[in-house]
Amino acid sequence: MANHPTIEMSPFVPSPPEPSRQASMPHGRRPWLMARLDSLLSESLRNATPTDLIRHRLMVGAACILLLFNSLFLLWSIIQGSLPLGVMATVAGLGYLVTLLLAHRTTTSTPPAMLLLVTISIGLVGSSFVDKNPIGGAHAINMMLPALAVYLVGPRMGLSITLLLFAALGLAHPLYRADIGIDTSAITLEFIWFIHLFAGISFVGAWGLGSLHSTAREAAQTSLERTLKELRESESRLNSVIESTDDLVLSLDREGRLLTVNSGARRVYLQRAGIVLEPGQLLFHHDKPEERKAWEARLAQVLQGQRLRLEQTYVEGGPRLVLDISMNPITAGDGRVVGVTLFSRDVTARREAETQLGEMHRTLVDVSRQAGMAEVATGVLHNVGNTLNSVNISTNLVTDRLRQSRVSGLARATQLMREHTTDMASFLTADPQGQKLPAYLIAVSGQLQEERDALIQEMRSLAESVEHIKSIVSMQQKHARAAGAVEQVVVPRLIDEALRLHAVSFERLGIRIERDYAKVPPVYVDRHKLLQILINLLSNARQALVDSVTQDKRLEIHVRRAPEEGPLLIVVVDNGVGIAPENLARMFTQGFTTKKTGHGFGLHISALAAAEMNGRLTCSSPGPGQGATFTLELPISAGEQ
């Protein structure tokens, strides 16, 4: 899409239309005849299910037609002057009228339907008895009544009408004909009995077939209506879920035409592109040619059965919008792909948060590097300061020795000798001062020898201190280069360099260092990050030992390989103040510290640096006053083993 966001579509297709109830339609939309029939029904009967509505219409339609025919029959009976037929037609007409009145007022169709069936039965039975034809009760038209009874009132109640016909026409009518006598030359009584009994059995057979058909049809209709109801409920729930989400949900056919769309998609398209989404329209029709071509290619790919996941950024039509889009095929029952669903989720806030998090992480890394450099610089300054104290002491000692030197006495002795150059012999033998001069020179010579040896020793110590300062500064310069370069590092050697930065401090504090270095292969890591971690661990251990009241202050450093050729382990153990159990889980949390002057940054940065090297930094402690153990795990690839 060019100006509007791509939308993820849901895998649902247009819902099937709900079976319409024509009784609820306006009259203008129904056929004229159906409208007239519905006007004869009560509101309850008009609002029945479609199947029952057809039965109700047939009932009042049959009543109207029979009422019309009955009116013609009544007119014919009056013309013929037949009183029995007239009475029978009048009774039947009243029955049809009452049927229509009941249908217009009742809430159930059973009373008017039963009245209609009874009225028809009375008419058929009455006409059979009045008719002079002895086999009129076996006429084929009578077979309609059982089928109509089953259809209108159901198999059970229809059976009562059928049995009534069986008794009246299959049994009572032959007896009636036998009593009034018949013309045996035309037909025998046995034949009449056979015909009417056979007709009665046929009535029951017609009822049975009608019942079987009605039961099967009602079962199928019930199953269909139950299925449709479940389908409507399922669709309603699905629509409710889809409409309740702010995600964009759509579905397309194979040509890219819209099948379904939720309100979230409509809203986004309208706000950003001014497009009103409607089913049937081409979704990508409004895109730029190159973007439309790209979406058509994706659509073709999904129509081949593949699933796609992509992320699109849109800047036109509003603020920056980032959508996480998922495209999935819609398959038919035979496995054919018939469409595509699109689901799109707005991940703009998440992407912005990730960007900010990345920037914060970079800032944190920069700060950590600065903190590491500051830590190194602090160690350098601390050790240089301690060494300078030794230099200062040596300098003061040399100055004091020179100030107290007997060189000035030797100068006075040489001056006396210079004054008595002409009478040196008499001066040394006769003069009291001259007599003491040889002994004095011998004593001064010994003292000057001792002074020279002491000064040489102090100058040697001073030279060692200066050399130590040079070594510390050189090491700091070695590790002060830009971080980030991965190189091969011999871990024990790097640990010794870190210890050298703290050597004077450990020595002055009386901390005993115990090294346990197993033979391990070198690792490929960022030297600066590893040194930073080691310096932080050694600094924390030194502080824990300083704060401890134990006399035997001990720091152990172990380097070994984890079992089964696992990662390289650097274990720093001290017997200092220890860690409280409630603080163990928070040791690497930013800002957490147990030091009075701590900033809670060193261990947090060290844990981050370990993670960046695909390693892990952990700590453990038996409890306060029982020391602590910090373990750094570093991976060793197969190539370096």
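Chemist: Mind laying out the overall build of the protein chain, listing which residues take part and the relevant values?
Modeler: Within the protein chain, the secondary structure is distributed over 19 helices and twelve strands. By residue count, 39% of the 641 residues in the protein chain fall in the buried class. The long-range fraction of contacts in the protein chain, counting pairs at least 24 apart against all pairs at least 6 apart in sequence, stands at 67%. Of the roughly 35100 Å² of accessible surface on the protein chain, 59% is carried by carbon and sulfur atoms.

Chemist: An account of the side chain of Ser548 is requested, with residue identities and associated values reported.
Modeler: For Ser548, the location among the structural elements is in the loop between helix 17 (527-547) and strand 9 (554-561). The class of Ser548 is buried, set by a relative accessible area of 13%. Polar contacts involving the side chain of Ser548 include one to the main-chain amide nitrogen of Thr550, which spans 3.2 Å. Filtering out sequence-adjacent residues up to four positions away, Ser548 remains in contact with Lys553, Asn575, Gly576 and Val577.

Chemist: Tell me about the packing of aromatic side chains, and please be specific about residues and values.
Modeler: Across all of its chains, the model carries one aromatic pair by this definition. Here Phe588 and Phe630 contribute two aromatic rings whose centre-to-centre distance is 6.4 Å and whose plane-to-plane angle is 90 degrees, an arrangement assigned as edge-to-face. Note that Phe588 is positioned in the loop between helix 18 (581-584) and helix 19 (602-612) and Phe630 in strand 12 (residues 628-634), a separation of 42 residues in sequence. A cation sits over an aromatic face here: Arg298 above Trp295, 4.4 Å from the ring centre.

Chemist: Tell me about the nonpolar core, residues and numbers included.
Modeler: Ranked by size, the top nonpolar core spans 40 residues in total, and within it Leu530 and Ile570 carry the most contacts. Only helix 15 (491-501), strand 8 (523-526), helix 17, strand 9, strand 10 (568-574), helix 19, strand 11 (616-620) and strand 12 provide two or more residues apiece to this core. When residues of this core are assigned to their parent elements, the largest contribution, nine residues, is made by helix 17. With residues up to four places along the chain from it excluded, the contact list for Leu530 reads Val489, Val491, Leu494, Val525, Ile570, Met613, Leu632 and Leu634. Counting 28 residues, the second-largest nonpolar core is a separate cluster that includes Met59, Ala92, Ile120 and Ile161.

Chemist: Got a sec to walk through the confidence of the model for the protein chain? Specific residues and values, please.
Modeler: Put simply, the protein chain has an average pLDDT of 77, and 77% of its residues get 70 or more. Here residues 1-29 is modelled with pLDDT under 50, and outside its nearest four sequence neighbours on either side it reaches 111 contacts, counting other chains as well.

Chemist: Outline the packing of helix 3 (residues 50-80) against helix 4 (residues 83-105), supporting the account with residue identities and numerical values.
Modeler: Between helix 3 and helix 4, the least distance of the axes is 9 Å, while the angle of their chain directions is 155 degrees. It follows that helix 3 is roughly antiparallel to helix 4 by the angle criterion. Two packed elements cross with a definite hand, and for helix 3 against helix 4 that hand is left-handed. On the side of helix 3, the interface is formed by Met59, Val60, Ala63, Cys64, Leu66, Leu67, Asn70, Phe73, Leu74, Trp76 and Ser77, while helix 4 contributes Leu85, Gly86, Met88, Ala89, Thr90, Ala92, Gly93, Tyr96, Leu97, Thr99, Leu100 and Ala103. Of the residues belonging to the contact of helix 3 with helix 4, the class tally is 17 nonpolar, six polar and no charged.

Chemist: Run through the pattern of salt bridges, naming residues and quoting values.
Modeler: The final tally for this structure, using the stated rule, is 18 salt bridges. Put simply, Arg351 and Glu311 hold a salt bridge, and the shortest N to O gap is 2.6 Å. Taken together, the residues span a long stretch of sequence, with Arg351 in helix 11 (residues 348-403) and Glu311 in strand 3 (residues 308-314) at a distance of 40 residues. Take Arg351: its relative accessible area is 21%, and that puts it in the partly exposed class.

Chemist: Can you tell me about a nonpolar patch on the surface, naming the residues and giving the values?
Modeler: The grouping of Leu83, Val87, Val91, Val118 and Ile122 at the surface amounts to a nonpolar patch, some 410 Å² of accessible area in total. For the nonpolar patch, the secondary-structure elements that each account for two or more residues are helix 4 and helix 5 (110-130). Ranked by residue count, the leading element in the nonpolar patch is helix 4, at three residues.

Reading guide: rules and limits
- Position numbers for residues count from 1 along each chain, tracking the sequence in the order it is written.
- Only residues with pLDDT of 70 or above have their local features reported here, since the model is predicted, and side-chain atom pairs are shown and tallied only from 80 upward, although totals for entire chains, interfaces and linings are computed over all residues.
- Side-chain measures here rest on the full set of heavy atoms in the structure, leaving out hydrogens and waters.
- Here a helix means four or more residues in a row that DSSP labels H or I, a strand means two or more in a row labelled E, and each is numbered from the N terminus.
- Three labels apply to residues, based on accessible area from a 1.4 Å probe with only protein chains included: buried if under 20% of the type maximum, exposed if over 50%, partly exposed otherwise in between.
- Whether two residues are in contact is decided by their heavy atoms, any of which lying within 4.5 Å being enough.
- Areas reported as accessible are Shrake-Rupley estimates using a 1.4 Å probe. Residue values count occlusion only from the protein chains shown.
- In protein, a polar contact requires one atom able to donate a hydrogen and another able to accept it; more generally it is a pair of N or O atoms within 3.5 Å, and residues adjacent in sequence count only if both atoms are side-chain atoms.
- The rule is short: rings of Phe, Tyr and Trp, with Trp giving its six-membered ring, pair when the centres are within 6.5 Å, and they are stacked under 30 degrees, edge-to-face over 60, tilted in between.
- Distance and angle both matter: a charge sits over a ring if NZ of Lys or CZ of Arg is within 6 Å of the ring centre and within 35 degrees of the ring normal.
- Within this scheme, the nonpolar core is defined by two criteria: the residues are buried Ala, Val, Leu, Ile, Met, Phe, Trp, Tyr or Cys, and they are joined through side-chain atoms within 4.5 Å.
- Each residue carries a pLDDT score, the predictor's confidence in it, ranging from 0 to 100.
- Throughout, an axis means a line fitted to C-alpha atoms (over the contacting stretch in the case of helices), and angles, computed between N-to-C directions, take values from 0 to 180 degrees.
- Angle categories are assigned with fixed cut-offs, so that under 35 degrees is roughly parallel, over 145 is roughly antiparallel, 65 to 115 is roughly perpendicular, and the rest are oblique.
- Should the near helix be turned anticlockwise from the far one by less than a right angle, the crossing is left-handed, and should it be turned clockwise, the crossing is right-handed.
- Just so you know the grouping, Ala, Val, Leu, Ile, Met, Phe, Trp, Tyr, Cys and Pro go in nonpolar, Asp, Glu, Lys and Arg go in charged, and all remaining residues, Gly too, go in polar.
- One side-chain nitrogen of Lys or Arg within 4 Å of one carboxyl oxygen of Asp or Glu is enough to make a salt bridge.
- A patch consists of residues exposed above 30% relative accessible area that lack any salt bridge, with like charges linked at up to 9 Å and nonpolar side chains (Val, Leu, Ile, Met, Phe, Trp, Tyr) linked at up to 5 Å.

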